[in-house]
Each structure stands twice: as structure tokens, then as C-alpha cells.
Amino acid sequence: MVSPAYHRAIKEVDENHRRTISSNHAQRRGFLPPPGCYHGAVRKENTSPQQDAPLDGLLVVDLSRMLPGAVLARQLLDLGARLIKIEAPGSGDFLRDAPPLVDGIGAGFSVFLRGAESVCLDLRIPSDAERIVSLIRHADVLVESFRPGTMEGWRLGPDRLREVNPALVWCSLSGFGRTEHAADRVGHDLNFTARSGLLSLISDNGVPSVQLVDVTGGLLAASAILAGLLVRHRDGCGVFIDQPLAIAPLPFLTWAWGDHAAGGEGLLDTLLAGRCPCYRRYRCADGKEVAVAAIEGKFWQSMLQVLGLPQLADSWVDAGEAGHEAALELAAVFARHPRDHWLTLADEHGLPISPVHDLAEACSDSLFAQMGLLENTPMADGSQLSTPGPFLPSLGRTPSRCAPRLGEHTEAVFEEFGLQD
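On a predicted model such as this, the values are computed, not experimentally measured, just so you know.

### Topic: the pattern of salt bridges
Here's step 1: In total, this model carries 25 salt bridges according to the counting rule given.
Here's step 2: Here Arg96 and Glu87 are joined by a salt bridge, their closest N and O atoms 2.8 Å apart. As far as burial versus exposure is concerned, Arg96 and Glu87 are alike and both buried.
Here's step 3: A salt bridge links Asp235 to Arg234, with the nearest nitrogen and oxygen atoms 2.8 Å apart.
Here's step 4: Judged by relative accessible area, which is 46%, Asp235 ranks as partly exposed.
Here's step 5: In this structure, a network of salt bridges that share partners links the residues Arg74, Asp78, Arg114 and Glu375.

Shown next, in the form of C-alpha cells:
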């Protein structure tokens with residue numbers, strides 16, 4: 001979580017920019033880098049009725065493609081950044097065409113990129129590459145997801161862009177990083193999930209329908225960029241961040257890898273793997289399931305009283321035969337009544353029992369809306385979709401503008417930043 005001190009510092013930096021306080025005064029207060037290092041973004045007034053988001057006034061130039069960059073973009077947009085997405089003329093980001101489409105734009109693209117601006121440039125054309133250089137002069141953050149060496153081939157490598165804007169925070173969403181033996185490797189979410197060992201833990205014989213690595217990779221990159229902005233605030237100059245997607249599954253596995261190195265058979269292999277009766281799924285009379293997570297003794301004892309099974313008190317974290325027999329007794333009791341019966345009792349007694357929802361049921365669960373965890377995402381046809389967000393509900397906000405059409409802002413951005421021929 002970003003600290004309150006960071007919020008105050010960034011807010012004051014942006015206020016200094018907006019009010020055009022002299023650079024000397026700002027430097028004396030310690031908010032801005034020294035002359036010749038910070039070029040500063042062209043600030044654009046935020047049109048949202050909610051002001052003073054943590055990243056208000058920051059300009060992000062986004063060259064990335066597909067889901068990891070989209071997740072990252074959404075985090076920065078939620079926090080108030082202005083994000084200009086650079087897309088290939090004629091095709092744009094592949095995520096645009098991922099069905100289902102709403103008014104010609106993929107629903108996935110729409111829910112992640114609402115509030116962004118779209119500019120069409122072909123970076124393989126030298127004149128368009130030079131336009132990127134000119135835009136970077138004003139940017140705070142650059143995001144790209146090309147294979148290492150691609151940007152250098154377009155004369156857009158770190159050395160050149162650092163000369164253009166020494167304060168730039170550059171985040172590279174490479175696949176396997178930039179080391180000699182990994183830079184040329186390619187992969188997608190399934191490859192990273194499989195190689196890390198995570199796939200074997202979440203899917204016995206198939207492919208998960210959630211993109212764990214892409215989403216986690218985007219979230220980690222957002223954290224890295226916020227840290228990079230703190231580095232810039234502290235040291236006065238920007239930073240290059242190599243954030244390979246290959247690391248995205250590893251936070252899920254850090255504990256597991258540690259247990260494996262220490263000999264295994266820890267909680268991840270027993271209690272948290274569903275081998276104990278207090279932590280598993282049970283089927284109810286209507287065929288629906290509940291998830292029981294009565295790990296703490298007080299919850300286990302309370303649940304047994306509600307279920308009328310006090311004799312199972314000692315089998316709560318037993319991963320052996322006694323635990324198996326206890327789980328069978330619990331299953332027999334849960335099978336006597338429909339799921340709603342058990343959920344009502346769980347609410348009455350404060351028990352950690354929840355429904356095992358499919359996606360349709362989860363989308364209609366009123367609890368998420370009551371907690372303020374859903375947003376009305378604006379769509380290109382004027383409608384709205386109820387989706388999760390913002391992901392940081394205490395700090396984020398939903399942009400009022402829908403996801404852009406391909407190249408929608410090209411002319412305006414060219415004029416604003418002087419990118420015309």
C-alpha cells in the first residue's frame with residue numbers, strides 16, 4: 001500500500017506544477033529534481049468530479065499490448081493518471097477484438113482501458129518513432145511490453161530516452177527478463193503458470209479460465225512503477241524497471257517453494273490443501289456447495305455446536321484417518337439441508353462459511369455492491385457494465401470516459417504536444 005507521506009508529496013508536487021510555482025522554490029522544499037533532470041509532463045486538467053487522486057497530473061505513455069499492460073493501465077487510471085495508449089494503425093491492441101464486443105469494442109478492453117486516450121502510431125516508421133520521442137519529453141511514466149532489444153531497434157532504447165527525459169520512469173513488461181539466457185524466450189500466461197509449478201496446484205487436467213500471471217504481472221508492475229516514482233521523488237531522476245512476467249506466479253509459490261526446500265508436509269500440503277475437516281468444501285442438499293474455513297479453534301467449536309457434532313472437537317486439524325472420518329460426518333450433516341439454510345446459520349453465528357459460487361452467482365451477489373467493490377463501467381454505446389473496481393477502493397476512482405476507439409485522440413494529442421509533421 002502506498003504510504004500517506006507519498007500521497008502528500010505527490011499531491012504537493014502536482015499542485016506546484018499546476019500553480020506554476022517557480023522551480024527554485026520547489027527545489028528548496030525538496031519536491032522536485034534539480035534543473036536539467038526533470039522535464040515535467042504537460043499537465044491536463046482532470047475532468048472527473050473527484051479531484052486529488054494520488055496520481056492526478058501524471059502522464060503515462062503506454063506502448064504495451066494485451067492483458068498485463070491493460071491491468072497495469074487500469075491501476076494507474078484508477079489512481080488518477082492520464083494515460084495515452086499508443087496503438088498500431090488499423091489493428092490496435094489485440095484485446096480490442098476479444099469477444100464479446102460492445103459497439104465494436106471488446107468488453108475486456110472496455111473494462112480495463114476506460115478513461116484512456118488512444119493514439120495511432122507505427123513505431124517501425126522513423127517519423128512515428130520520433131513522435132514517441134517528442135511525447136516522452138513530457139511523460140512521467142513509459143510502459144512497454146516488447147521483447148528485449150525491440151525498442152533499441154527503433155532507436156527508442158533506454159539510453160536515448162534517458163537523454164530526452166532523465167526523470168522518466170520506464171517499466172518494461174518483458175516475458176523472461178533481459179538476462180543473456182532468457183531474453184529471447186517467448187511465452188503467454190499458460191506457459192508461465194505451467195513452468196512455475198502453479199498450474200499443477202490449481203488444475204488437475206485442464207487449463208484455468210483465469211489469467212493468473214497476466215493479472216498478477218500487471219499488478220506487480222503497478223507497484224513497481226509507484227516505487228519508481230518514489231525513487232524519482234527521493235533521488236531526482238527516473239529509473240528503468242524490468243518487470244518480467246515470469247515472476248508473476250512466484251508470489252503464489254514462495255511459501256510452497258520454502259516448504260519444499262525444507263522437506264514438505266507443511267500446512268500447504270495438509271490443512272490448506274483440504275485434507276483437514278475444518279478447511280474444505282461440502283455439498284448441500286440442493287447440490288450446491290459451501291466452503292468451510294473454520295481454522296481457528298473458536299470457529300470450529302462454534303460450528304460443531306450449530307451442526308450438533310460436538311464429538312468431533314479433537315479432529316479439527318487432523319489430516320489423517322480421524323480427520324477423514326470427521327469430514328464424512330460433516331458432509332452427511334451438510335447434505336441434509338439446502339445451501340441457503342447453512343448460510344443463514346453461518347451469518348447468525350458469525351461462522352466462516354461461504355457459498356461456492358459460479359461466475360453468474362458471484363456477479364449477482366449483493367455483498368460486493370454493499371461493500372462498494374463494484375463500479376458502473378462506461379461503455380462506448382452509452383450503456384454501463386457492473387464490474388469489479390476500482391481495485392484500490394479507498395484511493396481509486398472510476399473514470400467517467402469510456403474506453404477509446406482506435407486512434408480517437410490522435411489528432412488532439414498531436415496538436416497538444418506538437419507532434420504534427
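### Brief notes about the side chain of Arg131
Here's step 1: Here Arg131 is to be found in helix α5 (residues 126-136).
Here's step 2: Within the structure, Arg131 has its side chain in polar contact with the side chain of Asp128 (distance 2.6 Å).
Here's step 3: Once residues lying within four places of it in the same chain are set aside, the contact partners of Arg131 are Leu121, Phe414, Leu419, Gln420 and Asp421.

### Brief notes about the packing of helix α3 (residues 66-78) against helix α10 (residues 212-235)
Here's step 1: Following both chains from N to C, one finds α3 and α10 inclined at 45°, their axes separated by 7 Å at the closest point. It follows from the interaxial angle that α3 and α10 lie oblique. Every pair of crossing elements has a handedness; the one defined by α3 and α10 is right-handed. Note on element contacts: α10 touches α3 through Asp214, Val215, Gly218, Leu219, Ala221, Ala222 and Ile225, opposite Leu67, Pro68, Val71, Leu72, Gln75 and Leu76.

### Details of the sheet that holds strand β10 (residues 289-293)
Here's step 1: An order of β9-β10-β11 is seen for the 3 strands of this open sheet, with the pairing classed as antiparallel. For this open sheet the edge positions go to β9 (279-283) and β11 (353-355), each flanked by a neighbour on one side alone. On average, adjacent strands in this sheet sit at an angle of 25° to one another, irrespective of strand direction.
Here's step 2: With 3 bridges connecting them, β10 and β11 associate as antiparallel partners. Bridging from a neighbouring strand, Val290 pairs with Pro355 of β11.

### Observations regarding the pairing of strand β1 (residues 59-62)
Here's step 1: Of the two faces of β1, the one carrying Leu59 and Val61 and the one carrying Val60 and Asp62 are both buried.
Here's step 2: For β1 and strand β2 (residues 82-87), the ladder comprises 4 bridges, and the chain directions are parallel. Directly across from Val60, in β2, lies its bridge partner Leu83.
Here's step 3: With α3 bridging β1 and its parallel neighbour β2, the resulting β-α-β unit is right-handed.
Here's step 4: Of the strand pairs in this sheet, β1 and strand β6 (residues 141-144) are connected by 3 bridges, and their pairing is parallel.

### A short note on the nonpolar core
Here's step 1: Counting 33 residues, the largest nonpolar core has Leu55, Leu72, Leu113, Ile225 and Leu229 as its most contacted members.
Here's step 2: Contributing elements (two or more residues each) for this core: α3, α4 (107-113), β6, β7 (169-172) and α10.
Here's step 3: With sequence-adjacent residues up to four places away left out, Leu72 is seen in contact with Val143, Leu173, Gly218, Ala221, Ala222 and Ile225.

### Considerations on the side chain of Ser64
Here's step 1: Tracing the chain through its elements places Ser64 in the loop between β1 and α3.
Here's step 2: For Ser64, the contacting residues outside a window of four places in its chain are Gly69, Lys85, Asp93, Val143, Glu144 and Ser145.

### Here we look at the packing of aromatic side chains
Here's step 1: In total, this model carries 5 aromatic pairs according to the counting rule given.
Here's step 2: Ring geometry for Phe146 against Trp154: centres 5.0 Å apart, planes inclined by 85°, an arrangement best described as edge-to-face.
Here's step 3: A ring pair is formed by Tyr282 and Phe334, whose centres lie 5.1 Å apart and whose planes are at 25°; its orientation type is stacked. Remark: Phe334 occurs in helix α13 (residues 321-334) and Tyr282 occurs in strand β9; sequence separation between them is 52 residues. Each member of the pair Tyr282 and Phe334 is classed as buried.
Here's step 4: Geometry around Phe391 places Arg74 over its ring, the cationic atom sitting 4.3 Å from the centre.

Calculation notes
- Residues numbered from 1 in each chain as written.
- Predicted model: local features only at pLDDT ≥ 70, side-chain atom pairs only at ≥ 80, totals over all residues.
- Heavy atoms only, no water.
- Salt bridge = Lys/Arg side-chain N within 4 Å of Asp/Glu carboxyl O.
- Buried < 20%, exposed > 50% of the residue type's maximum accessible area, 1.4 Å probe, protein only.
- Helix = DSSP H or I, 4+ residues; strand = E, 2+ residues; numbered from the N terminus.
- Polar contact = N/O pair within 3.5 Å; in protein donor to acceptor, adjacent residues only side chain to side chain.
- Contact = heavy atoms within 4.5 Å.
- Axes fitted to C-alpha atoms, helices over the stretch in contact; angles between N-to-C directions.
- Parallel < 35°, antiparallel > 145°, perpendicular 65-115°, else oblique.
- Left-handed = near helix turned anticlockwise from the far one by under 90°.
- Pairing = 2+ DSSP bridges.
- Right-handed = clockwise from strand over helix to strand, strands pointing away.
- Core = buried A, V, L, I, M, F, W, Y, C linked by side-chain atoms within 4.5 Å.
- Phe/Tyr/Trp six-rings, centres within 6.5 Å; stacked < 30°, edge-to-face > 60°.
- Lys NZ or Arg CZ within 6 Å of the ring centre and 35° of its normal.

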